[in-house]
Amino acid sequence: MNLLLKKAVRLGFDPVKAIRMVTVNVARYFGLNDLGGIAPGNMADLVVVEDLKDFHCHKVWAGGLLVAQEERPTKTLERIEYPRSQDAPSRLKA
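Residues numbered from 1 in each chain as written. Predicted model: local features only at pLDDT ≥ 70, side-chain atom pairs only at ≥ 80, totals over all residues. Heavy atoms only, no water.

Asker: What is the right way to look at the packing of aromatic side chains in this model?
Answerer: What characterises a pair of aromatic rings is the spacing of the ring centres plus the angle enclosed by the ring planes. Going through the model one piece at a time under the given rule, you end up with one aromatic pair. Note on Tyr29 and Phe30: the rings are 5.0 Å apart at their centroids and 90° apart in plane angle, and the pair reads as edge-to-face. Judged by relative accessible area, which is 57%, Phe30 ranks as exposed. (Phe/Tyr/Trp six-rings, centres within 6.5 Å; stacked < 30°, edge-to-face > 60°. Buried < 20%, exposed > 50% of the residue type's maximum accessible area, 1.4 Å probe, protein only.)

Listed below in structure tokens is the structure:
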């Protein structure tokens, strides 16, 4: 999302409107009415950025926990192994 925000601002979008487009508007579109905004009763993940041009992430909270600081995870994440599907549809058909 940072790349999209940087590009939108570089192209002349208002930074606050660009942030709204990738947070609240997306949550509302998908019917996630308790996500995307900061308000009582809503779940909000938070990102602290240096400025509204480069969007360098200083701290990131998800689910109420600090999960990243200075663009690095705050703890080692366990690897999740996903099974390979034997019956996945092929995109290339003759």
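Asker: Is there a simple way to explain the sheet that holds strand 1 (residues 46-49) in this structure?
Answerer: Paired through their backbone hydrogen bonds, the strands of a sheet run either parallel or antiparallel. With antiparallel pairing, the four strands of this open sheet are ordered in space as 1-2-3-4. Where the open sheet ends on each side, the last strands, each with one partner, are strand 1 and strand 4 (72-73). With two bridges joining them, strand 3 (residues 65-69) and strand 4 adopt antiparallel strand pairing. What sits directly across from Ala68, in strand 4, is Pro73. (Pairing = 2+ DSSP bridges. Helix = DSSP H or I, 4+ residues; strand = E, 2+ residues; numbered from the N terminus.)

Asker: How should I be thinking about the pattern of salt bridges in this particular structure?
Answerer: Side chains carrying opposite charge are able to pair once their charged atoms draw close together. Per the counting criterion, the structure on display carries one salt bridge. A salt bridge links Glu81 to Arg79; the nearest nitrogen and oxygen atoms lie 3.1 Å apart. Since its relative accessible area comes to 62%, Glu81 is described here as exposed. Among the residues examined, Arg79 registers a relative accessible area of 72% and is labelled exposed. (Salt bridge = Lys/Arg side-chain N within 4 Å of Asp/Glu carboxyl O.)

Asker: Is there a simple way to think about unusual backbone geometry in this case?
Answerer: Most peptide bonds take the trans form, and the phi angle of most residues other than glycine is negative. The backbone of Glu70 shows a phi angle near 50°, a positive value even though the residue is not glycine. Mapped onto the elements, Glu70 comes out in the loop between strand 3 and strand 4.

Asker: Before we go on, may I ask you to explain a nonpolar patch on the surface in this structure?
Answerer: Nonpolar side chains collect at one region of the surface, where Val26, Tyr29, Phe30 and Leu32 lie side by side and expose about 450 Å² of accessible area between them. Here Val26 is to be found in helix 3 (residues 24-29). Among the residues examined, Val26 registers a relative accessible area of 34% and is labelled partly exposed. (Patch = residues over 30% accessible without salt bridge, like charges linked within 9 Å, V, L, I, M, F, W, Y side chains within 5 Å. Areas by Shrake-Rupley, 256 points an atom, 1.4 Å probe, with all protein chains shown as cover.)

Asker: What am I meant to see in the nonpolar core here?
Answerer: Inside soluble globular proteins, nonpolar side chains tend to come together where they are buried. Judged by nonpolar contacts, Leu5, Ala8, Val9, Ala18 and Phe55 together constitute the single largest core of five residues. Counting residues per element, this core draws most heavily on helix 1 (residues 2-10), which supplies three residues. Excluding its chain neighbours within four sequence positions, the residues that come into contact with Phe55 are Asn2, Leu5, Lys6, Val9, Ile19 and Val49. (Core = buried A, V, L, I, M, F, W, Y, C linked by side-chain atoms within 4.5 Å. Contact = heavy atoms within 4.5 Å.)

Asker: When you look at the pairing of strand 2 (residues 57-62) in this model, what are you seeing that I'm missing?
Answerer: Note: strand 1 against strand 2, four bridges, orientation antiparallel. Bridging across to strand 2, Leu46 finds its partner in Trp61. Judged from the four bridges that link them, strand 2 and strand 3 form a sheet pairing that is antiparallel. Residue pairing for strand 3: Lys59 is matched across the bridge by Gln69. Taking the residues between adjacent antiparallel strands as the criterion, strand 2 and strand 3 are bridged by two residues, where Gly63 takes a positive phi near 60°.

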